[in-house]
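# Understanding the architecture of this molecule
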Amino acid sequence: MKYVSTRGTAPELTFEDAMMTGLARDGGLYVPDVIPTLSHDDIAEMAGQSYEEIAFTVMRPFIGDTFTDDEFRDLIEAAYAGFNHAARAPLKQLDSNHFLLELFHGPTLAFKDFAMQLIGQMFQASLTRSGKRITIVGATSGDTGSAAIEAFRGLDNVDVFILFPHGRVSEVQRRQMTTPVESNVHALAMDGDFDDCQAALKDMFNDFEFRDGVNLAGVNSINWGRVLAQVVYYFSSAVSLGAPHRKVSFTVPTGNFGDIFAGYIAKRMGLPIDQLVIATNQNDILHRTLETGAQVKEGVTPSISPSMDIQVSSNFERALFEAYERDGAVVAEQMDELKDKGEFTISQGAIDMLRDTFASGRASEDETYATIKTELMLSGELLCPHSAVGVTVAGDHLGETPMITLATAHPAKFPAAVEKATGQHPDLPPHMADLFERDERVTRVPSDLDALQTLIKERIQN
Ligand SMILES: Cc1ncc(COP(=O)(O)O)c(C=O)c1O
Ligand SMILES: N[C@@H](CCOP(=O)(O)O)C(=O)O
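Computed from a prediction, not measured in an experiment: that's the story for all the values here.

What follows covers the overall build of the protein chain. From N to C terminus, the protein chain includes 19 helices and 15 strands. Counting only C-alpha atoms and orienting by the principal axes, one finds that the protein chain spans roughly 60 × 50 × 50 Å. The burial tally for the protein chain puts 55% of its 462 residues in the buried class. Here the contacts in the protein chain between residues at least 6 apart in sequence split such that 75% fall between residues at least 24 apart.

When the UniProt feature table is mapped onto this chain numbering, "domain: Threonine synthase N-terminal" (unreviewed entry) sits at residues 2–80. The span residues 2–80 is 42% helical and 8% strand by assignment, and the distance between its end C-alpha atoms comes to 27 Å.

Let us now look at the sheet that holds strand β5 (residues 134–139). Strands sit in the order β8-β5-β6-β7-β15 across an open sheet of five strands; the sheet is parallel. Of all strands in the sheet, those bounded by a partner on one side alone are β8 (216–217) and β15 (443–445). As defined by bridge partners, strand β6 (residues 158–165) adjoins strand β7 (residues 185–190) across six bridges and the pair is classed as parallel. Across the sheet, residue Pro-165 finds its bridge partner in β7, namely Met-190.

A separate point is the site of ligand 1. Around ligand 1, a shell composed of 16 residues is seen, among which Asp-143, Asn-256, Asp-259, Ser-307 and Thr-408 lie nearest. Residue composition of the shell around ligand 1, grouped by class: five nonpolar, nine polar and two charged.

Every one of the 13 residues lining ligand 2 counts as a neighbour, but Thr-140, Asp-143, Thr-144, Asn-220 and Ser-221 are closest to it. Sorting elements by how many residues they give to the shell around ligand 2 places helix α6 (residues 143–152) first, with three residues. Split by residue class, the shell around ligand 2 holds no nonpolar, twelve polar and one charged.

In this structure, Ile-136, Ala-148, Ile-162, Leu-163 and Phe-235 are the most contacted members of the largest nonpolar core, which totals 148 residues. In terms of residue count, the dominant contributor to this core is helix α10 (residues 224–240) (eleven residues). Ignoring any residue separated from it by four or fewer positions in sequence, one finds Phe-235 in contact with Met-46, Ile-54, Val-58, Ala-266 and Leu-271.

Here the focus is the sheet that holds strand β4 (residues 98–102). Hydrogen bonds between backbone atoms are what pair the strands of a sheet, whose relative direction is either parallel or antiparallel. Here we have six strands laid out as an open sheet, ordered β3-β4-β14-β9-β10-β13, and mixed in their pairing. Each edge of the sheet is formed by a strand with only one pairing partner; in this case those strands are β3 (91–95) and β13 (359–362). Strand-to-strand twist across the sheet, computed as the mean angle between neighbouring axes with direction ignored, equals 25°. Inspection of the sheet shows strand β10 (residues 273–280) paired to β13 by four bridges, in the parallel sense. Following the sheet pairing, Thr-280 is matched in β13 by Arg-362.

Another point: unusual backbone geometry. Residue Pro-244 is reached from Ala-243 by a cis peptide bond, and omega for that bond is 5°. In this fold, Pro-244 is placed in the loop between α10 and β9 (248–253). With a phi angle near 50°, Glu-325 is a residue other than glycine that sits in the positive phi range. Relative to the elements of secondary structure, Glu-325 occurs in the loop between α13 (316–323) and α14 (328–341). Taking the number of C-beta atoms within 10 Å as the measure of exposure, Glu-325 has 10 and is therefore exposed. The backbone phi angle of Arg-326 is positive, close to 65°, even though this residue is not glycine.

With that settled, consider the UniProt feature "domain: Tryptophan synthase beta chain-like PALP" (unreviewed entry) in the protein chain. Under the present numbering, the feature "domain: Tryptophan synthase beta chain-like PALP" (unreviewed entry) in UniProt falls on residues 93–333. Regarding residues 93–333, the helix share stands at 44% and the strand share at 20%, and the terminal C-alpha atoms are separated by 44 Å.

Before going further, it helps to spend a moment on the packing of α13 against helix α15 (residues 348–357). Running from N to C, α13 and α15 cross one another at 115°; their axes reach a closest spacing of 9 Å. With respect to α15, the element α13 is oriented roughly perpendicular. Between α13 and α15 lies a crossing whose hand is right-handed. Listed contacts from α15 to Ala-319, Leu-320 and Ala-323 of α13 are Ala-350, Met-353 and Leu-354.

What follows deals with helix α18 (residues 415–422). Three or more residues of α18 are buried, namely Ala-417, Val-418 and Ala-421. Down the axis, α18 shows its buried residues gathered within 95° of arc, on one side only. Packed against the buried residues of α18 are α16 (365–379) and α17 (385–394). Phi turns positive one or two residues past the end of α18, at Gly-423, with a value near 80°.

The next point concerns the pairing of β7. β7 sits mainly inside the fold: six of its six residues count as buried. Alternating residues of β7 divide into Val-185, Ala-187 and Ala-189 and His-186, Leu-188 and Met-190, and every residue in both groups is buried. Handedness of the β6-helix α7 (residues 171–178)-β7 crossover: right-handed. Judged from the three bridges that link them, β7 and β15 form a sheet pairing that is parallel. For Leu-188, the partnering residue across the bridge sits in β15 and is Thr-443.

A few words on the packing of helix α4 (residues 69–80) against helix α5 (residues 112–130). Taken N-terminus to C-terminus, the directions of α4 and α5 make an angle of 135°; their axes are 8 Å apart at the nearest point. What the angle tells us is that α4 and α5 run oblique. You can see that α4 and α5 cross each other, and the crossing is right-handed. Touching Glu-71, Leu-75, Ile-76, Ala-78, Ala-79 and Tyr-80 of α4 are Gln-117, Leu-118, Gln-121, Met-122 and Ala-125, all from α5. The residue inventory of the contact of α4 with α5, partitioned by class, reads eight nonpolar, two polar and one charged.

Conventions and cut-offs
Residues numbered from 1 in each chain as written. Chains lettered and ligands numbered in written order. Predicted model: local features only at pLDDT ≥ 70, side-chain atom pairs only at ≥ 80, totals over all residues. Helix = DSSP H or I, 4+ residues; strand = E, 2+ residues; numbered from the N terminus. Buried ≥ 20, exposed ≤ 12 C-beta atoms within 10 Å, placed from the backbone. Contact = placed C-beta atoms within 7 Å. UniProt positions renumbered as here; feature names shortened; annotations may be inferred. Pairing = 2+ DSSP bridges. Near = placed C-beta within 6 Å. Nonpolar A, V, L, I, M, F, W, Y, C, P; charged D, E, K, R; others polar. Core = buried A, V, L, I, M, F, W, Y, C linked by C-beta atoms within 7 Å. Axes fitted to C-alpha atoms, helices over the stretch in contact; angles between N-to-C directions. Parallel < 35°, antiparallel > 145°, perpendicular 65-115°, else oblique. Left-handed = near helix turned anticlockwise from the far one by under 90°. Arc of directions from axis to C-beta. Right-handed = clockwise from strand over helix to strand, strands pointing away.

What follows is the structure, given as structure tokens:
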């Protein structure tokens, strides 16, 4: 299995190299050269299997000879051992044909743990073999950062720097990133929004002198390993509702497009998915793109679902690559237009493919509050605002096929919005109960590439 860049000119890599490299050297994102498929029987056999067994079957074809089967099974076991639900990703029934996939039972209470805990294990195994030391830089709108810190804190061959937009994450999210005491953890509060943080990260990858000098690695969904690990819960949940013998649909609260792209990969692998619905908050660039056929960047408006306050949606590039039948030159051209002019127009053939593959919808702030309130009354489920965006949009796409909406974070990460909607204060789980008593350690940084690179170089020398 080889990995190719969405912009067509970077060297082809193995799974291990693609995982450790992050962004391709032509600015693109790595994807497998061929998407493997599972047969109807392979999928049927997953019924009754553990999450870990399904994870092995789904991911094994992608990793080549990076790990032996036994090594890979051990890494998967270790990754999910710290989750506090036996099913890892349990399904709850909301209504006769609407289900909620709870993805917040990992250590940092968001779906990011599913991939980040495994990436942490795979990185450590690879670094032990190579004897290398790396510098991870991540950009976060709130959840990737804490998940990455949790996965890499205390390791002596890794420094982890997390850029988050100052004042634009919830207090719980901020404290998850600023209270770890390990000296290899560096929380950086940057002036600007998440798009600025992600742009700075990509600029660091595109500066080869810096990148090679610090051994830069990425754990955002730039990293194919992140997307891959997220494919698994599409299979586990669909199978528990009767796939492959019947179809299911998914609605996915979406920002950087990594999670829903994982759903697309599951479909390409043979999972019978009917609808894949993109649910956006008021930062609705993806919904507008599907409606109009043009991607036009606007400013980011802060919302009660801050992790989805994104306009430049990194993994949309992977979907475009498929929509343009893997023509990297066209993708590179369109990505340059987005960077230079803030917009690009998708060809008719490509937008037809995207509209055939994805549906979309948008939830306003008022609708999101209303869904949190009514869902608690109707089903007893206390939703986080991101999951509530999903449930709101899913409501417009319910039909005969069972709909699974992804619940991407625990309500206790966003207590202010949840309390405003319901009057209930969601409590943090016991392992985080003293979060508000812990000391914070954070560096305020400008949105300035030189300053960021200087800070990172100085910190890793000490
Ligand atoms: C809680 C939550 N929901 C939804 C999303 C959107 O997921 P994605 O960026 O993969 O589209 C994020 C951020 O990634 C998130 O943290
Ligand atoms: N919502 C994310 C944004 C980064 O997404 P990623 O999937 O590319 O890591 C966050 O919580 O940080």
